[in-house]
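Chains, contacts and geometry: an overview
What follows is each chain in one-letter form.
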Amino acid sequence: MAWDFGILKEEEAYRQKVADFLDKELTEEIARQSWEDLGLDVEGRAFAKKLYAAGLMGWSWPVEYGGKGLPPIYDFILIDELGKRWGAHVPNDVAYTMVGHTILRRGSAEMKKEFIPQIIQGEIEFGLGYTEPEAGSDLANMKMTAVEDGDYFVINGQKTFNTESHYSEYHWLAAKTDTKVSAYKGISLFIVDQRAPGITIRPMITMSGERTNEIFYDEVKVPKNRLVGEKNKGFYYMMEALGSERNYVFVPSRYLPYLNMIVDYAKNTTFKGIPLAENPMVRDKIAQIAVEIDMSTLLADHARWMEWNHLPMTCEPEITKVFVSEMEQRMVDSAMQILDQFCQLKEGSKWAPLNGRMEWEFLHSFMTTIGAGTSEVGRTVIAQRGLGLPRG
Amino acid sequence: MAWDFGILKEEEAYRQKVADFLDKELTEEIARQSWEDLGLDVEGRAFAKKLYAAGLMGWSWPVEYGGKGLPPIYDFILIDELGKRWGAHVPNDVAYTMVGHTILRRGSAEMKKEFIPQIIQGEIEFGLGYTEPEAGSDLANMKMTAVEDGDYFVINGQKTFNTESHYSEYHWLAAKTDTKVSAYKGISLFIVDQRAPGITIRPMITMSGERTNEIFYDEVKVPKNRLVGEKNKGFYYMMEALGSERNYVFVPSRYLPYLNMIVDYAKNTTFKGIPLAENPMVRDKIAQIAVEIDMSTLLADHARWMEWNHLPMTCEPEITKVFVSEMEQRMVDSAMQILDQFCQLKEGSKWAPLNGRMEWEFLHSFMTTIGAGTSEVGRTVIAQRGLGLPRG
Amino acid sequence: MDFTYTEEQKMIKDAARGFLEKACPNVEWYLDMDKDEKGFTPELWKGMAELGWMGIMFPEKYGGIGGSFLDLVVLLEEMGYAAVPGPFFSTVLLGGLAVLEAGTDAQKNDLLPKIAEGKCLLTLALTEAASTVYDPFFIETTAKAAGDNYIINGVKLFVPDANVSDVIIAAVRTSGTTGDKDGISLFLVDSKTPGVKTTLLKTTAGDKLCEVIFDAVTVSKDKILGSLNGAGAVITRVLQYAAVGKCAEMLGGSQKVMEITVAYAKERVQFGKAIGVYQAVQHHCANQKMAIEGSTYITYKAAWMLCNGLPATRIVASAKAWGSEAYKKVAAIGHQIFGGTGYIVEHPMPIYSRRAKAAEYAYGNANYHRQLVATELGL
Amino acid sequence: MDFTYTEEQKMIKDAARGFLEKACPNVEWYLDMDKDEKGFTPELWKGMAELGWMGIMFPEKYGGIGGSFLDLVVLLEEMGYAAVPGPFFSTVLLGGLAVLEAGTDAQKNDLLPKIAEGKCLLTLALTEAASTVYDPFFIETTAKAAGDNYIINGVKLFVPDANVSDVIIAAVRTSGTTGDKDGISLFLVDSKTPGVKTTLLKTTAGDKLCEVIFDAVTVSKDKILGSLNGAGAVITRVLQYAAVGKCAEMLGGSQKVMEITVAYAKERVQFGKAIGVYQAVQHHCANQKMAIEGSTYITYKAAWMLCNGLPATRIVASAKAWGSEAYKKVAAIGHQIFGGTGYIVEHPMPIYSRRAKAAEYAYGNANYHRQLVATELGL
């Protein structure tokens, strides 16, 4: 036990292997599907399988389901290397980085046997079915109901912001199985066939052009063996998974391409014959971006390290989440100041700098401090769980 | 009625008269006593009288008490001109800018006759006796009691942060006259002879070296004719006066000397032969200070204009207060960055730049977002009273 | 000192509010305008002309209604509130005011009445590709004398509404070197002149900023606006009007954002309470309010100083430095409070946050204007 | 990867916490030290020496205990937590490490054991008055050869604890021009040498920064530390240690501030509730926590990289850029939550906020270090 910021030789070997593979195989087109959260198209889905075929997926998963039984750092390495190349969401990320872990922790033996190998092999993806119109930050306020009826649950209600659902095979659904008790004690989790009768999926397009979905359930029958873990424990499972999910989803390496871009731009762009890189204000702004990316990486590394060492996380992944998401907004604002007027030109426009990616990132960045919990809720969590300040 | 940011010819004439007088008479020593809130010494107190003798005080006060019956803008002009010369607190400011107005509004005829002329003439000053150890932001939580006993109130308890009390003649005191009702309905205001038997004044020294006081009342007898207005209406009077007090106390012109100082410094200081004024970052920081001072001035002008036009102020003086006080902290932080290492040298030290005033201002600036109500309470006021957001 | 609208200004405000509410009916309509090549409808333009908006500050003899710049600012505030698209700003503030400031009698008699009637659209072609940092005087486009004509060559960027314009005022170098304020001239170029090529750029706000290529464009010398080589002062003046006009738009936009944000905070329930009860939300809204109060007074003070012929360089720069940051901040807070709802393209929030970004960079962002303030401070 | 202290480091931490709690008993004591000419007491210094602190990272052969720079950082974190005054930093980080890095065997044998025993106080005289912007290589002070001696002339500023030092390491120009890293030499100057004149500056933090005048000071050439003209690299290295050491102090100070702030928020009642219930206060404290988490890992990563001989220029600069701002912010939040109470000079808050200001400017503020980061990025 001692401070150590290095990675092991075998971890580095895996990293190099992933890097070599991605440098060769991760095309702009596939990266882009992932990068923009536009929804993985056929090529994107196929790439997850390709990653598996190349022997790069599942190293951190149990041997009995096809993994290598190694610590989570291998998955983090995989995601970081993808992130550096605009591909942070490639390996069917809801399945691989979120619900798979809850299935492992809480699912029945048959459920694990059915789903985990498919997840490791990049075969399936899930849509995340938590948010409802009246249940945003306040997830416990959800209204969707699942009522037992023989061998089934019958589900009715509406979800919103279910990003992957238009192409994923399954819906990872939270619904109320007991409406008489506090929501914390009356929610259950289900795996629902996303194409089951009674489900209607409608696209919602975001301001940055991503597709997400609203989903309507009308008397949808879900077999009882698709209940995850115990009935009415769903909210607890969701909270239990939250820290780990943040560790997988907020990937600081994703910002390195932006940093590299703006560094190159400042070096290679002149005004009145002088490179922008010589202007102290430009230098200061870019350096601050770099410092904050360094910081994001360290915060994420620390929270991830806690996770794989089974240390109790109180607010560490929340700190990463709040910091990274706000950093993203500061980054894009500073970078746009360096691009000046040109910053507003979109991809495909004449004269658009950096292929319009910073412009896209600007639009996208409004989501970062909202999605998966607002910064406000995050700070409250940090204060109450991290510092022991009293609840209201 | 039309947008108009100018001042009238007669207002300008008064301003010029004040300016001429101050340029000649306001010595560094007197300005400094005021500037640093160190407490006005003999010379500072004398200067208030000198201002009166020069015919410059009281223009905005009723004719019957020795004023000229003109609108408040004349007093604002006086304070602004003093502020520009580090003298914002000269005319015995608690008396002249705060309690005098409440006496005018709420005091009895005899009380007005006794006190207002003395205030206009710069003869007397008051200490402000609101804050207690348990009543900071939450003034209503005060514990000091005033119990009727024949022709007197007998007062017991403790006040804290009573800045002027060690040299002022009177204490403007809030105390509970009814402990059975909500504090809002049970507080009264008194004018207490600051040297009355039973009063003990103890100095408290702040981190910037200013003196303030804690004051202990032990069976202090106050004649009934020193009750201000009606019994148990004190909290209402305090709240009624708050907006106007902010208009007089948060004086944006006070920051102009700092701006001028740092501009001069940047112009006259070189590094490697190049004036700091040519560095884009230095320019940007100083310009931002200037923009924010412009902004402060406009916010103050607007709130003051509302006051003298008897328009209902909801949150306007609060906006000035929050903005100006936070601006002050940003200003000093930016200015210190320009002074770099030298910023930490105190007045009287070898090599201290700007006579150590920015260093002093740094220490002082911690108070600005706390004193007279925190920024947090201020923002809540703006949200609830200015925007109609609901109370908790 | 007075912080009130005149009665006439109140009427302008009310009329504009009423008209624009109907003219810009819903978010779908805005999104259509974003996608539309022209970015506005003939009906909208006609309605605005009928209300006399284009000629609001032209003298009556030119078909205007003889108002002041302050009246125009009041109108622009409402246009920002409604986020109305179209070539009003380019036609009136960039084109009309340039003609009014610098035109010969003949030019004014020719153009101003047509502008006032809504029958002539103008714009100003100023910044160029080499201005990687905004600098309106960094002009490389040239006009070379050839007999009674001039031949213009060069490329202009970020020219608003050039694609729908009738006349493009081109700022060109007729002497001196790039970066000088001296040696610049303005030409009134008919947009249909051979050699003028306009390409729409794709922008965050869906506004119609264009690249305009002048490829050996021949313009007769009587099309010079103002004096040969002496346009620097005219451009400075027009850009002051434009910066303050943009501040007014930003102010109106901020007000609208705060209005819908506060309304939503009062109505949206989470954790059993309206979210507007929570201190974090209250303080966010208070920050919107503070930013907007500031924007209001500095915008009107700058306009008032311009109106009264007072030295306005510093106040205009301060206003644009402040306003650019304020609108952006107000919009970001709006998004934060609306949450996911406000991130959907059909919500009003993105209309405003996208325009806030465009406005931030129009006529110089905060960094640019702070450098101007610094110069005014003697730095 | 591992984010834990070694068992030894935990022991160092616990011992330091316990010792310093007693050694620095109350605010009055700190204020006395601020006013005191020397700024520390002989007992404090002796106690620290007995615990082996001065020699913590010296090899055993020099009377040290053979620890690593990380061990020293752990200790400095505690010293920052306690805000302990005195010449430890100047003696060990500026003086001791310079000797350890660059000294001859004779110099090491002479000085290190004495330092480790607490019997010799050192400091480094580096920056000069012409550095209106911090630049440790902007050296105009000269040393001119004169037989077996050198004659030093010049003025140094912000020299910590020079007034109590036994040896001042003077960075002087022996060739090249001002601003060059080349051409600088270090001299071990006995503080009592004729011509050395030390004047205490009055500072925000009450720390003992001095002006040191070298007026024709004669030093024998065997007092050169490291190679003639080659001190640039040594200074760079020592300043990296110093920057990270200062980060560790700032980290400890921030932790203490957060600790007392959170405790106060839990206990102070206003409006009928502990103020720590209010979202505004909770979010302030959350911001402290976030700033400090960041400071922790970047400080230890920078120290770990230095320890392991990895290229550390960027991480050290990042750490100081972050830490300088973080401590300042944490202290400002502390003041905001303590309110008037924390503004009184006898309160612990001013101790920390004043030191935060001093630390911000020690070895380069955030602006300086961001420029270094920019250079590392290839800008």
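Attention in this report is confined to the structure presented alongside it. In this text, all values refer to a predicted model and were calculated from it rather than measured experimentally.

This paragraph deals with the side chain of Asp135 of chain D. With respect to the element layout, Asp135 of chain D can be found in the loop between strand S1 (122–125) and strand S2 (142–146). The class for Asp135 of chain D is buried, based on a relative accessible area of 11%. Within the structure, Asp135 of chain D has its side chain in polar contact with the side chain of Lys272 of chain B (distance 3.3 Å).

This part takes up the relation of the copies chain B and chain A. Overlaying chain B with chain A gives an RMSD of 0.0 Å, the required rotation being 180 degrees about an axis along which the chain moves by 0.0 Å. Such values leave the two copies arranged in the relation of a two-fold axis. Residue Met281 of chain B, judged by its C-alpha, is the member of chain B lying nearest the rotation axis, at 2.8 Å. Looking at the interface residues of chain B, 100% of them are also at the interface in chain A, so both copies use one shared face.

Turning our eyes to something else, we now look at the nonpolar core. Buried together is how nonpolar side chains tend to be arranged in soluble globular proteins. Within the largest apolar cluster, 236 residues are counted, with the highest numbers of intra-cluster contacts made by Ile103, Phe126, Trp172 and Ile286 of chain B together with Phe69 and Phe88 of chain C. The element contributing the most residues to this core is helix H7 (residues 231–267) of chain C, with 19 residues. For Phe69 of chain C, the contacting residues outside a window of four places in its chain are Met57, Leu93, Tyr241, Val244, Gly245, Ala303, Leu306 and Cys307 of chain C. One finds Leu189 of chain A together with Leu72, Leu121 and Ala231 of chain D within the second-largest nonpolar core, a separate group that totals 235 residues.

So, about the interface of chain B and chain A. Quite often, the size of an interface is put as the accessible area lost when its parts meet. Across the contact, 4 residues belong to chain B and 4 residues belong to chain A. Across the chain B/chain A interface, buried area totals approximately 340 Å², and carbon plus sulfur atoms make up 82% of it. When residues of chain B are sorted by the area they lose upon contact with chain A, Pro280, Met281 and Asp284 of chain B head the list and together hold 92% of the total. Our count for the contact surface shared by chain B and chain A stands at 0 salt bridges. The tally of links between chain B and chain A comes to 0 residue pairs in polar contact (both at pLDDT 80 or more). Broken down by class, the residue content of the side of chain B that touches chain A amounts to 2 nonpolar, 1 polar and 1 charged.

A few words on the pattern of salt bridges. Any two side chains of opposite charge can pair, on the condition that their charged atoms come close. The final tally for this structure, using the stated rule, is 94 salt bridges over all chains. Note that Arg254 of chain A is salt-bridged to Glu328 of chain A, the shortest N-O span being 3.5 Å. Of this pair, Arg254 of chain A sits in the loop between helix H8 (234–249) and helix H9 (256–268) while Glu328 of chain A sits in helix H11 (residues 316–339), and the two are 74 residues apart along the sequence. Pair check on accessibility: Arg254 of chain A and Glu328 of chain A agree, each one buried. Lys46 of chain D serves as the salt-bridge partner of Glu50 of chain D, at 3.8 Å between the closest nitrogen and oxygen.

The rules behind each value
Residues numbered from 1 in each chain as written. Chains lettered and ligands numbered in written order. Predicted model: local features only at pLDDT ≥ 70, side-chain atom pairs only at ≥ 80, totals over all residues. Heavy atoms only, no water. Helix = DSSP H or I, 4+ residues; strand = E, 2+ residues; numbered from the N terminus. Buried < 20%, exposed > 50% of the residue type's maximum accessible area, 1.4 Å probe, protein only. Polar contact = N/O pair within 3.5 Å; in protein donor to acceptor, adjacent residues only side chain to side chain. Least-squares fit on C-alpha atoms with pLDDT ≥ 70 in both. Contact = heavy atoms within 4.5 Å. Core = buried A, V, L, I, M, F, W, Y, C linked by side-chain atoms within 4.5 Å. Buried area = accessible area lost by both parts, 1.4 Å probe. Salt bridge = Lys/Arg side-chain N within 4 Å of Asp/Glu carboxyl O. Nonpolar A, V, L, I, M, F, W, Y, C, P; charged D, E, K, R; others polar.

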